[in-house]
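# Commentary on secondary and tertiary structure
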Amino acid sequence: MSEHSTDLRETVRRRYAEAAVRATTGGTACCGPETVEVDETFGSTLYAADERDALPAAAVTASLGCGNPTAVAELRTGERVLDLGSGGGIDVLLSARRVGPTGKAYGLDMTDEMLELALANAEKAGATNVEFLKGTIEAVPLPANTIDVVISNCVINLSTDKPAVFAETFRVLKPGGRIGVSDVIADDALAPAQRAERGDYAGCIAGALSFAEYRQGLEAAGFTDVEITPTHAVADGMHSAIVRATKPR
C-alpha cells in the first residue's frame, strides 16, 4: 500500500474511532461532508422507526451510512450475512433478526472503538447469532464460499483499493450468493478531482466511484446481474445508491 493510501486509511480510521466515542458518550456522529446538509442524507433517519426502536440507542446513534442495505438485500431465514465496515453494528443486528437463530450475521471493521461499541450493542440487544471480526474489507478474514449475502453501508467508497474489496467480496460469497450494498456514487461526468471538491475522503465523497466505474469493478471481479439504482442526492452530482449483484453458480 502506498504512503498516500496508508495516510487516507488512517484518516478514515481516526474519524470513525472518534464517531464511536461520541456515540458511546451520547453524542451524534454522521458520515458526510461538513458543507452538505446531512440530516436526511446520512445516518439513522434512513431506517424505519420500528427498526430504530428495536435496537440499543448507541447502535442507532452510531449509524453513519447513506442507506439501509438490510432493506434491499432480501435476507432469508438461515442465511449467513457479512457486513463490510459494520461500525456500531446496526446493520448486523438488523440482519441477525432477519436471518433468525439458524442464520448468522458477521460484522467486519478495522476500528477497535467501533468493534467495542458493536459488541456492547449486541449484548444489549441479546443477539446470539452475531460475530464481529477485526480486519479490513480488502482482506476479509473468512474462508471462501461461506457467505450467502454481503451488505455494506457507505463504506466501500472509503477504501483506497476498491478492486481488492470487490475481489474479496466475490471470494467469500457462495456460488449464487449476492450483494446488497448502499454506497455513494458519482455521476459519470464527474472527474475524481471534481468529486474531491464536493467533500473529503473520510466524509464518503472524494473516494466515490462513478456509476460506470462501480459497474466495471464488480464485473471485473466476476459479478453478474449488476444493478445500480440511485436513491437520493448527497452532493451535486453525487448520489446514495443501492447496488445489487450476484456471484454466478
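Our structure is the block above this text.
Computed from a prediction, not measured in an experiment: that's the story for all the values here.

## Some thoughts on the overall build of the protein
On a plain count of helices and strands, the protein comes out with eight helices and eight strands. Counting every position in the protein, which comprises 249 residues, the buried fraction comes to 57%. Carbon and sulfur atoms make up 51% of the accessible area of the protein, which totals about 10400 Å².

## Examining the packing of helix α6 (residues 162-172) against helix α8 (residues 211-221)
Relative orientation of the contacting elements α6 and α8 amounts to 45°, with a least axis distance of 9 Å. By the angle between their directions, the pair α6 and α8 is classed as oblique. Pair α6 / α8 crosses with right-handed handedness. For the pair formed by α6 and α8, the contact residues are Phe166, Ala167 and Phe170 on the first element and Tyr214, Gly217, Leu218 and Ala221 on the second. Grouping the amino acids of the contact of α6 with α8 by side-chain chemistry returns six nonpolar, one polar and no charged.

## Let's talk about the packing of aromatic side chains
Both the distance between ring centres and the angle between the ring planes are used here to describe each pair of aromatic rings. Here the structure, examined in full by the defined rule, presents two aromatic pairs. Consider the rings of Phe166 and Tyr214, whose centres lie 5.4 Å apart with planes at 55°: the pair is tilted. Taken as a pair, Phe166 in helix α6 and Tyr214 in helix α8 lie far apart in primary sequence, 48 residues in all. Overall, Phe166 belongs to the buried group, its relative accessible area being 3%. For Tyr214, a relative accessible area of 1% translates into the label buried. On the numbers, 5.2 Å between centres and 90° between planes, the contact of Phe170 with Phe223 is edge-to-face. A residue pair is termed long-range when its members are at least 10 positions apart, and Phe170 in helix α6 and Phe223 in the loop between α8 and β7 (224-235) qualify at 53 residues.

## Brief notes about the pairing of strand β2 (residues 104-109)
Burial of β2 is extensive: five of the six residues sit out of reach of the surface. Pairing between strand β1 (residues 80-84) and β2: five bridges, direction parallel. Across the sheet, Val81 pairs through a bridge with Ala105, a residue of β2. You can see the chain leave β1, run along helix α4 (residues 90-99) and come back into β2, and the turn it takes is right-handed. As judged from the five bridges shared by β2 and strand β3 (residues 130-134), these two strands associate in the parallel manner. Opposite Leu108, over in β3, you have Leu133 as the bridge partner. In this fold, β2 hands off to helix α5 (residues 112-125), which returns the chain to β3; that crossover is right-handed.

## Brief notes about α5
The terminal C-alpha atoms of α5, which comprises 14 residues, lie 20 Å apart, in line with the 20 Å expected from a rise of 1.5 Å per residue. Residues of α5 that are buried include every one of Met114, Leu115, Leu117, Ala118, Asn121 and Ala122, and no others. Down the axis of α5, the smallest arc covering the buried residues is 160°, so these residues share one side. Away from its buried face by more than 90 degrees, α5 exposes Glu116, Leu119, Glu123 and Lys124.

## Let's talk about the nonpolar core
Counting 31 residues, the largest nonpolar core has Leu82, Ile179, Tyr214, Leu218 and Phe223 as its most contacted members. For this core, the secondary-structure elements that each account for two or more residues are β1, β2, β4 (147-153), α6, β5 (173-186), α8, β7 and β8 (238-246). Once you skip the residues sitting within four places of it in the chain, Ile179 turns out to touch Val150, Thr169, Leu173, Leu218, Phe223, Val243, Arg244 and Ala245. Within the second largest apolar cluster, eleven residues are counted, among which are Cys154, Val184, Leu190 and Cys204.

## With respect to the pairing of β5
Across the 14 residues of β5, eleven count as buried, placing the element largely inside the fold. Relative to β5, β4 is paired through six bridges, and the arrangement is parallel. Residue Ile151 lies in a different strand from β5, and its bridge partner there is Gly180. This β-α-β element, β4 to α6 to β5, shows right-handed connectivity. Two strands pair when backbone bridges link them, and β5 and β8 are joined in this way by nine bridges, in the antiparallel orientation. Paired with Val184 across the bridge in β8 is Ser240. Bridge analysis of β5 against strand β6 (residues 209-210) gives two bridges, and the strand direction is parallel. If you follow Ala186 over to β6, its bridge partner there is Ser210.

About the cut-offs
Residues numbered from 1 in each chain as written. Predicted model: local features only at pLDDT ≥ 70, side-chain atom pairs only at ≥ 80, totals over all residues. Heavy atoms only, no water. Helix = DSSP H or I, 4+ residues; strand = E, 2+ residues; numbered from the N terminus. Buried < 20%, exposed > 50% of the residue type's maximum accessible area, 1.4 Å probe, protein only. Areas by Shrake-Rupley, 256 points an atom, 1.4 Å probe, with all protein chains shown as cover. Axes fitted to C-alpha atoms, helices over the stretch in contact; angles between N-to-C directions. Parallel < 35°, antiparallel > 145°, perpendicular 65-115°, else oblique. Left-handed = near helix turned anticlockwise from the far one by under 90°. Contact = heavy atoms within 4.5 Å. Nonpolar A, V, L, I, M, F, W, Y, C, P; charged D, E, K, R; others polar. Phe/Tyr/Trp six-rings, centres within 6.5 Å; stacked < 30°, edge-to-face > 60°. Pairing = 2+ DSSP bridges. Right-handed = clockwise from strand over helix to strand, strands pointing away. Expected span 1.5 Å × (residues − 1). Arc of directions from axis to C-beta. Core = buried A, V, L, I, M, F, W, Y, C linked by side-chain atoms within 4.5 Å.

These figures come from the coordinates and say nothing about function on their own.
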